[in-house]
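Reading the structure
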Amino acid sequence: MTKKTIVVKFGTSTLTQGTPKLNSPHMMEIVRQIAQLHHDGFRIVIVTSGAIAAGRHYLNHPSLPPTIASKQLLAAVGQSQLIQAWERLFAIYDIHIGQILLTRADIEDRERFLNARDTLHALLDNQIIPVINENDAVATAEIKVGDNDNLSALVAILVQAEQLYLLTDQQGLFDSDPRKNPDAKLIPIVEQITDHIRAIAGGSGTNLGTGGMMTKIIAADVATRSGIETIIAPGNQPNVIADLAYDHNIGTKFIAHQSNRLESRKQWLFAAPSAGIITIDDGAEHAMLIQNKSLLPAGIIAIEGCFSRGEVVKIRTQSGKDIALGMPRYNSDALQLIKGKNSTEIECILGYEYGSVAMHRDDLIIL
């Protein structure tokens, strides 16, 4: 039985353990925990920092001008070193990984968002662990997510994760800066991210990474609003990932807004202009309304309008009643070709396929 999907984000400070290079023994311990969870049926996605630190070490700490191009140079060199480090360690457990490099443009563009989502789900469905980083080697300021904390929140939304772990060199969120105040107390649970919570988040902790506690609060806000429980926890605590997966109380837990996962989707669907109409037969209507099933190509009678995959369209019955709104997996031209056909014929007809359904039940709402 498949257990929950978890996104785990590792900061540079966690992977280097305060040294100028990736700490292989510590990464080995991380991989041991993830391999255990992978074996136990959890679906794990890794968001990893560390490319620039790995590149700097690989090039023997060169003296470079403080420019964007220098950082991109280090990222370009270090990304291959970083992914090879993960690959070597997971190979010990006979686990395959798949690398995905993302920018903000990949997430904000609907078509690319869907492609990234489909790729991630394909990897997870085939027991391959996705390892994700921002594509720093080519990203400009305009298309950067900005930090891997926020990237991990967006990835958690992409894979519809139940939990997001932000592992750092801190124990969690404290009521004041523990580096300055020895009496600072850990906040175990945050029900809601308020201005007070943001105020005590503070600044960046180390000079190795780019994210501080504030970016983690912003990421937690994004994730929890989408129904994803988020935990800031110490990356160097023994067995922390496995313990979190089995619901041990570690670090600071940000409670998910469970109603928002569906409500935000509904609001977006209702607000988006309809790009077309899909007319379905009685069998498809019964399957969708009574059995809560996805829409298959075989149940489609007619297509109206010109739309891309992922745009909002109306679903209409033979009697002319609009019963749902949703985002199809195929564009209008493709649906014209596969309407009324069996799902097994999709690839033969189109030369490709995005799955056996025309519209997944998770991507539609009944009116």
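This text follows the structure it describes.
What comes next concerns the included structure. (Residues numbered from 1 in each chain as written. Predicted model: local features only at pLDDT ≥ 70, side-chain atom pairs only at ≥ 80, totals over all residues. Heavy atoms only, no water.)

1. Concerning empty space enclosed by the protein
The criterion, for reference: Buried and open spaces are told apart on a 1 Å grid over the protein atoms alone, a cavity being a set of points where a 1.4 Å probe fits but cannot get out and a pocket being an open set with protein on both sides within 12 Å along at least five of seven lines. Residues with an atom within 4 Å of a point are the lining residues. Grid points are joined across faces, edges and corners, and a volume is the space filled by probe spheres set on the points. Three categories are distinguished: nonpolar for Ala, Val, Leu, Ile, Met, Phe, Trp, Tyr, Cys and Pro, charged for Asp, Glu, Lys and Arg, and polar for the others, with Gly belonging to the last.
Under the definition given, this model contains one cavity of 30 Å³ or more. Approximately 30 Å³ is the volume attributed to the largest cavity. Taken together, Val190, Glu191, Gln192, Ile193, Thr224, Phe254, Ile255 and His257 make up the full set of residues lining the largest cavity. For the lining of the largest cavity, a count of residues per class yields four nonpolar, three polar and one charged.

2. Some points on the packing of helix α7 (residues 148–158) against helix α9 (residues 213–225)
Keep this limit in mind: A fitted line through C-alpha atoms serves as each axis, taken over the contacting stretch for helices, and the angle formed by two N-to-C directions is quoted from 0 to 180°. Strands are runs of DSSP state E lasting at least two residues, helices are runs of H or I lasting at least four, and both sets are numbered from the N terminus onward. Roughly parallel means an angle under 35 degrees; roughly antiparallel means over 145; roughly perpendicular covers 65 to 115; every other angle is labelled oblique. Two helices crossing with the near one rotated counterclockwise from the far one by less than a right angle form a left-handed crossing, whereas a clockwise rotation gives a right-handed crossing. Any two residues whose heavy atoms approach within 4.5 Å at even a single point are treated as in contact.
Two numbers describe how α7 lies on α9: the axes approach to 8 Å, and their chain directions differ by 15°. The angle between α7 and α9 places the two elements in the roughly parallel class. Where α7 crosses over α9, the two elements pack in a sense that is right-handed. Listed contacts from α9 to Asp149, Asn150, Ala153, Leu154 and Ile157 of α7 are Thr215, Lys216, Ile218, Ala219, Val222 and Ala223. In terms of residue class, the contact of α7 with α9 is built from seven nonpolar, two polar and two charged.

3. Looking at unusual backbone geometry
Only a minority of non-glycine residues have a phi that is not negative, and only a minority of peptide bonds are not trans. Using the following cut-off: Think of it in three bands: with a 1.4 Å probe and only protein chains considered, a residue is buried below 20% of the maximum accessible area for its type, exposed above 50%, and partly exposed in between.
At Asp94, a residue that is not glycine, the phi angle is positive and equals roughly 55°. Checked against the element boundaries, Asp94 lands in the loop between α4 (68–91) and β3 (97–102). With a phi angle near 60°, Gln127 is a residue other than glycine that sits in the positive phi range. Counting through the fold element by element, Gln127 comes out in the loop between α6 (110–125) and β4 (129–134). Residue classification places Gln127 among the exposed residues on the basis of a relative accessible area of 52%.

Function-wise, these values are silent; they only describe arrangement.
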